[in-house]
Amino acid sequence: MGTLRRPGLDAQPMSLLSEHRTLLKPLRGLYLHIPFCSIKCFYCDFTAFSGQKKTVSRYLSALDKEASFFPDFKPDTLYIGGGTPSELSEEELEAIFKTIRARFPHADFKEATFEANPESLNAEKIKILKESGVNRISLGLQTLDARLLKSIGRRHSPEDFLAVFSNVKKTGGFSVSVDLMYGLPDQSLQDHLQTLKQILDFFPEHLSLYGLQVEDWTLFSKREVKVDENLAREMFERSIEILKEAGFFHYEISNFARLGSESLHNKIYWRNGEYLGLGCGAASYLNGARRVNEDRLISYCVKLESGQIPVSSSEKLEGVERLGEMAFLGLRMLEGYAPSQESLRVLAHQWISLMDRGLIERRGDVFRLTKEGLFVANQVFMEFVPPFERTQLRALSEVAS
Ligand SMILES: C[S@@+](CC[C@H](N)C(=O)[O-])C[C@H]1O[C@@H](n2cnc3c(N)ncnc32)[C@H](O)[C@@H]1O
Ligand code: SF4
């Protein structure tokens, strides 16, 4: 998600990181997708629908039915994302948590995140979240500039955000993450840095910083919006410096946290761990297989109502594809990734060529993005995505035999 950028690689010494990694037992994540929004933002291509309020209760029943297919799943983290989960009414929120409690009675959530937009998270909903065990709220802000909020199709004002943030903090018991975007049309470096500095005055525990991606089928794409890549790069570079000075740990390309406040759930994705995704368009990775659900709202409901699983595609990741996926997910984390001997052999061309080009560096067993690699991370990751060269496929079969 977001334009992939930049440094912060010296945040932690490697020896500490390796030690930390071996202490962690693999966690399993549960993701619930709530695909409803009041309006569609001009840049957004997520599975999210506006004007579908009448479908919400039908959808929640379908979600409950899908959850009932996984009685043995024991998740360690929960992420309720969207769309806009805070668009649900108080009664609908209660229904979601009832599903979670009933269908995953053995869950032991070390982290439970709820995604919210400032215009729809009222005090009553915050109370329900707290009582239901949510301990992390991810607030989508994007910018504190009222003019820019309007120009990207957001429905909330800067004041809405400030009121919700202070309500959440007053209630207590939540770690708060804020989503910001940079590289927006007509956004100056000054505009972006001002938002960033203002946000820091509120002491959130976590920040996600995404460079605008102009996605197909969005209003921005139709308007042929172009991102000024040099300016976006400068915004990202300056943000990293500011966040580092403010005591944030840059732990993933787009994510910054006060130490100990990294997202456990998202780390499961980046470490190639297992997760179950429920809902329209949700993805899962279980037992080495990736599945993606039907992303049309009504078709998703109809499938479950007729007793079918709502999966639209499923594949077992094997061989060079699996090695490639593990490599590019692992490299997203700035602490780096230690490839297996098999990966070093089969993907030797990629590892060597990226090092030769100065985009990754090696310290002992661990490879990580260089500062330059961070700025062109998408390009680095493309190297690990099929099609692969025939020599690599041959190398893999030699390893196997
Ligand atoms: C799951 S989305 C939306 C969550 C929530 N509904 C909201 O609007 O804040 C999470 C974040 O992705 C980012 N995002 C979405 N579309 C993007 C795009 N085209 N380019 C860059 N960032 C994007 C935004 O920062 C957004 O808050
Ligand atoms: S950015 Fe969030 S609120 Fe806007 S359309 Fe996408 S999911 Fe909905």
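Going along each chain's sequence as written, the residues are numbered from 1 onward. As they are written, the chains are lettered A onward and the ligands numbered 1 onward, keeping that order. The predicted origin of the model limits local features to residues at a pLDDT of at least 70 and limits the giving and counting of side-chain atom pairs to 80 or more, whereas totals for whole chains, interfaces and linings rest on all residues.

Peer 1: Would you mind going over the overall build of the protein chain with me for this structure?
Peer 2: Numbering of helices and strands runs from the N terminus, with a helix taken as a DSSP run of H or I at least four residues long and a strand as a DSSP run of E at least two residues long. When its secondary structure is counted, the protein chain shows 17 helices and 14 strands. Since a compact globule built from 401 residues should have a radius of gyration of about 21 Å, the 21 Å found for the protein chain is in line with a globular shape. The principal-axis extent of the C-alpha atoms belonging to the protein chain is close to 55 × 55 × 45 Å. Working definition of burial: number of other C-beta atoms within 10 Å of the residue's own, with buried at 20 or more, exposed at 12 or fewer, and partly exposed in between, all C-beta atoms being placed from the backbone. In the protein chain, buried positions account for 42% of the 401 residues. Taking the intrachain contacts of the protein chain between residues at least 6 apart in sequence as the baseline, contacts between residues at least 24 apart amount to 73%. Both definitions apply: the radius of gyration is a C-alpha atom measure, and the globule rule equals 2.2 Å times residues to the power 0.38. Contact between two residues is assigned whenever their backbone-derived C-beta positions fall within 7 Å.

Peer 1: How do you make sense of helix α3 (residues 90-103) when you look at a structure like this?
Peer 2: Between its terminal C-alpha atoms α3 stretches 20 Å, which fits the 20 Å expected from 14 residues at 1.5 Å a residue. Those residues of α3 that fall on the buried side of the exposure criterion are L93, I96, T99, I100 and R103. Viewed along the axis of α3, the buried residues span an arc of 115 degrees, placing them on a single side of the element. Residues of α3 that are exposed and angled more than 90 degrees away from the buried face: E90, E91, R101 and A102. At its buried positions, α3 is contacted by β1 (28-34), α2 (56-67), β2 (77-82) and α4 (123-131). To estimate the expected span of a helix, count its residues, drop one, and scale the result by 1.5 Å. In this description, the arc belongs to the directions extending from the helix axis to the C-beta atoms.

Peer 1: Teacher, can you tell me more about the site of ligand 2 here?
Peer 2: To decide whether a residue is near a molecule or strand, its C-beta atom is placed from the backbone and checked for lying within 6 Å of it. Near ligand 2 the following residues occur: C37, K40, C41, C44, F46, A48, G82, G83, T84, N117 and G140. Each residue gets one of three labels, nonpolar for Ala, Val, Leu, Ile, Met, Phe, Trp, Tyr, Cys and Pro, charged for Asp, Glu, Lys and Arg, and polar for the others, Gly among them. The class makeup of the residues in the shell around ligand 2 is five nonpolar, five polar and one charged.

Peer 1: Help me understand the domain arrangement of the protein chain in this model?
Peer 2: Where the parts come together, the accessible area they lose is often given as the size of the interface. An automatic or database domain assignment is the source of the domain bounds shown. You can read the domains of the protein chain as domain 1 (14-270) and domain 2 (323-400). For domain 1 versus domain 2, the distance between C-alpha centres works out to 29 Å. With nine residues of domain 1 at the interface, the matching set in domain 2 holds twelve residues. Of all elements in the fold, only α1 (14-23), β7 (248-252) and α10 (264-270) reach the threshold of two or more residues within the side of domain 1 that touches domain 2.

Peer 1: Explanation requested: the site of ligand 1 in the structure shown.
Peer 2: Neighbouring residues of ligand 1: 18 residues in total, closest Y43, G140, D179, Y210 and Q213. Those elements that provide at least two residues to the shell around ligand 1 are β2, β4 (136-142) and β5 (175-182).

Peer 1: Explain the pairing of strand β8 (residues 255-258) to me, please; I cannot follow it from the model alone.
Peer 2: Two strands are counted as paired when DSSP detects at least two bridges linking them. The sheet contact formed by strand β6 (residues 206-211) and β8 spans three bridges and is antiparallel. Residue pairing in the sheet places L207 in a bridge with F256 of β8. Sheet analysis places β7 next to β8, joined by four bridges and oriented antiparallel. Its bridge partner lying in β8, F249 is registered against A257. Between β7 and β8, which pair antiparallel in sequence order, lie two residues.

Peer 1: Whenever I open this one, the packing of α3 against α4 confuses me. Can you help?
Peer 2: Helix-helix packing: each pair is described by the crossing angle between the helix axes and the interaxial distance. Angular values range over 0 to 180 degrees, each being the angle between N-to-C directions of two axes fitted as lines to C-alpha atoms, with helices fitted over their stretch in contact. Their axes nearest at 10 Å, the elements α3 and α4 cross at an angle of 10 degrees. The angle between α3 and α4 places the two elements in the roughly parallel class. Along the contact surface, α3 presents E90, L93 and E94, while α4 presents E124, K125 and I128. Of the residues belonging to the contact of α3 with α4, the class tally is two nonpolar, no polar and four charged. Here is the rule for angles: anything less than 35 degrees is roughly parallel, anything more than 145 is roughly antiparallel, 65 through 115 is roughly perpendicular, and the remaining ranges are oblique.

Peer 1: Where do I start with the environment of K169 in this structure?
Peer 2: Residue position: K169 is located in helix α6 (residues 158-171). A count of 15 C-beta atoms within 10 Å places K169 in the partly exposed class. Measuring from C-alpha to C-alpha, the distance between K169 and P204 comes to 9.4 Å, with 35 residues separating the pair along the chain.

Peer 1: I keep staring at unusual backbone geometry and nothing clicks. Help me out?
Peer 2: For residues that are not glycine, phi is negative in most cases, and the peptide bond is trans in most cases. Going from G82 to G83, the amide bond is cis rather than trans, its omega being 25 degrees. Positive phi, normally seen in glycine, also occurs at W217, with a value near 70 degrees. Note on placement: W217 falls in the loop between β6 and α8 (219-222). Positive phi outside glycine occurs at N272, with the angle close to 60 degrees. In this fold, N272 is placed in the loop between α10 and β9 (274-278). With 17 C-beta atoms counted inside 10 Å, the residue N272 sits in the partly exposed group.

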